[in-house]
Amino acid sequence: MKKKLILFDMDGTIYLGNDIFPYAKEVFQYLKKKGINYVFLTNNSSHDIEFYLNKVTNMGIECSIDNFYSSIETTITQLKENNAHKIYVVGNQCLINKLKPHFTIVDKYSKDEKIDAVVAGFYTELVYEKLRDACLYLESTDCAFYATNGDYRCPIEDDKYIPDCGGMIEWMRLCTGKSATVLGKPNPRMIYDLMAKYKVNKEDTMCVGDRLYTDIAVGNNAGVDSVCVLSGESTLEDIKKSEHKPTYILNNIKDLIEMLD
């Protein structure tokens, strides 16, 4: 099998929380030796790319800022294309900091304030008033509603999970009747952007991850090969029941070496 670009999920695929899988370094050394480009795709907007660069580098994987692509970048592009100027953000300060150079950020709800969009992200610094004000804007205006991602939970150490953005936007939907347009995985835009950047086609590209409704679904939606690894969230039983079927199933990313050879 020949691939020129492999797009990797991180949590549950190359590490869990702060614990790198013992075989991960070997895999990326192999890819570098073979001249296969790799990019880490993250839906997690609670941190910026620089955070992930430091994290993965400190784990011993050779990479640069170009090896990462985030749902934050996709969100910025989408907002610009839709001519959004004034927005309300429900998310961590790092998300606000990334959006601030491009848009006017409204701090609180006002019935006299008109905005173009509500933007929701993975919000680990949760403040109830932010959710309340976002719902008031969604209820009282015709503004757009975007989410950086739709993950319901985020994996951490010891096989545990914490609430993610998907649950939060579901709460907002139940309150307002409005559903968010999810811009990260499984939206295929992230893959299309990267294929254009690396000048590769669908046959050259592959997605690897552990979550069926994001990592596998995004590959399927983009029309590229997908690999589900059993090192994270999904089990074989989950795959059997899911509508999102991967092209390949591997125990972990170490098995990629044999598959690619």
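Up top is the structure.
Residues numbered from 1 in each chain as written. Predicted model: local features only at pLDDT ≥ 70, side-chain atom pairs only at ≥ 80, totals over all residues. Heavy atoms only, no water.

J.: Whenever I open this one, the overall build of the chain confuses me. Can you help?
T.: Helix and strand counts for the chain stand at ten helices and 15 strands. Referenced to the eigenvectors of the C-alpha coordinate spread, the extents of the chain come out at roughly 60 × 35 × 35 Å. By element, 48% of the accessible surface of the chain is carried by carbon and sulfur atoms, the whole surface being about 12100 Å². Computed over 31 positive and 38 negative side-chain charges, the separation of the two mean positions in the chain equals 3 Å. (Helix = DSSP H or I, 4+ residues; strand = E, 2+ residues; numbered from the N terminus. Areas by Shrake-Rupley, 256 points an atom, 1.4 Å probe, with all protein chains shown as cover. Lys, Arg positive; Asp, Glu negative; His and termini not counted. Charge placed at Lys NZ, Arg CZ, Asp CG, Glu CD.)

J.: Would you explain the pattern of salt bridges in this entry?
T.: Two side chains that carry opposite charge are able to pair once their charged atoms sit near each other. Per the stated rule, a full pass over the model turns up 14 salt bridges. Between Arg153 and Glu233 there is a salt bridge, with its nearest N and O atoms 3.7 Å apart. A residue pair is termed long-range when its members are at least 10 positions apart, and Arg153 in strand S10 (residues 153-156) and Glu233 in the loop between strand S14 (225-229) and helix H9 (236-241) qualify at 80 residues. (Salt bridge = Lys/Arg side-chain N within 4 Å of Asp/Glu carboxyl O.)

J.: Please clarify how the sheet that holds strand S6 (residues 86-90) should be interpreted in this entry.
T.: Backbone-to-backbone hydrogen bonds join strands into a sheet, with any given pair of strands oriented parallel or antiparallel. Reading across the sheet, the five strands line up as S7-S6-S8-S9-S12 and stay open at both edges, with parallel pairing between neighbours. Every interior strand has two partners, whereas the edge strands, strand S7 (104-106) and strand S12 (181-182), have only one. In the sheet, S6 pairs with strand S8 (residues 117-120) via four bridges, with the strands oriented parallel. From the neighbouring strand, Val90 faces S8, where its bridge partner is Ala120. The strands touched by helix H5 (residues 128-140) are S6, S7, S8 and strand S9 (144-147); relative to S6, the strand with the most contacts, the crossing angle is about 140 degrees. (Pairing = 2+ DSSP bridges. Contact = heavy atoms within 4.5 Å. Axes fitted to C-alpha atoms, helices over the stretch in contact; angles between N-to-C directions.)

J.: Is there a simple way to explain the sheet that holds strand S15 (residues 248-250) in this structure?
T.: The sheet built from six strands is open, its strands ordered S5-S4-S1-S13-S14-S15 with parallel pairing. Each of the sheet's edge strands pairs with one partner strand only, and the pair in question is strand S5 (68-70) and S15. On average, each strand axis in the sheet is inclined to that of its neighbour by 25 degrees, with strand direction left out of account. Judged from the three bridges that link them, strand S4 (residues 37-42) and S5 form a sheet pairing that is parallel. Residue Phe40 lies in a different strand from S5, and its bridge partner there is Phe68.

J.: Hey, could you run me through the packing of aromatic side chains in this one?
T.: Enumeration over the complete set of coordinates arrives at twelve aromatic pairs. Ring geometry for Tyr109 versus Tyr137: centroids 4.9 Å apart, planes at 70 degrees, classification edge-to-face. Of this pair, Tyr109 sits in the loop between S7 and S8 while Tyr137 sits in helix H5, and the two are 28 residues apart along the sequence. One aromatic cluster is present, formed by Phe8, Phe28, Tyr38, Phe40 and Phe68 through successive ring pairs. In this arrangement the basic side chain of Arg153 is found over the ring face of Tyr161, its NZ or CZ atom lying 3.6 Å from the centre. (Phe/Tyr/Trp six-rings, centres within 6.5 Å; stacked < 30°, edge-to-face > 60°. Lys NZ or Arg CZ within 6 Å of the ring centre and 35° of its normal.)

J.: Just checking my understanding: could you explain helix H3 (residues 71-81) for this structure?
T.: Owing to its 3.6 residues per turn, the α-helix aligns residues three or four sequence positions apart on the same side. For H3, every residue scored as buried is listed here: Ser71, Ile72, Thr74, Thr75, Ile76, Gln78 and Leu79. With a side-chain oxygen positioned 3.0 Å from the backbone nitrogen of Ile72, the residue opening H3 is Ser70. Downstream of H3 by a residue or two, Asn83 has a phi angle that is positive, lying close to 60 degrees. (Buried < 20%, exposed > 50% of the residue type's maximum accessible area, 1.4 Å probe, protein only. Polar contact = N/O pair within 3.5 Å; in protein donor to acceptor, adjacent residues only side chain to side chain.)

J.: How should helix H6 (residues 165-176) be read in this particular structure?
T.: Over its twelve residues, H6 extends 16 Å from the first C-alpha to the last, a length consistent with the 16 Å expected when each residue adds 1.5 Å. Among all positions of H6, only Cys165, Gly166, Met168, Ile169, Met172 and Thr176 are buried. Along the axis of H6, the buried positions cluster into a sector of 160 degrees, meaning they face one direction only. Each element contacted by the buried residues of H6 is listed here: S6, S8, H5, S9 and S12. Phi for Gly177, located one or two positions after H6, is positive at around 80 degrees. (Expected span 1.5 Å × (residues − 1). Arc of directions from axis to C-beta.)

J.: What am I meant to see in the pairing of strand S13 (residues 205-209) here?
T.: By the criterion of burial, S13 is predominantly enclosed, with five of the five residues buried. Side chains of S13 alternate between two faces, with Thr205, Cys207 and Gly209 and Met206 and Val208 buried alike. Note: S13 against S14, four bridges, orientation parallel. Paired with Val208 across the two strands is Val227, which belongs to S14.

J.: Just to check I follow, could you spell out the side chain of Ser45 for this structure?
T.: Examined against the element boundaries, Ser45 turns out to sit in the loop between S4 and helix H2 (49-58). Judged by relative accessible area, Ser45 falls into the buried class, the value being 0%. Looking at Ser45, its side chain comes within polar contact range of the main-chain nitrogen of Phe122, at 3.0 Å. At a separation of 3.0 Å, a polar atom in the side chain of Ser45 contacts the side chain of Thr148. Not counting residues within four places of it along the chain, the set of residues in contact with Ser45 comprises Ser71, Ile72, Cys94, Leu95, Gly121, Phe122, Thr148 and Asn149.

What is shown is where atoms sit, not what they do.
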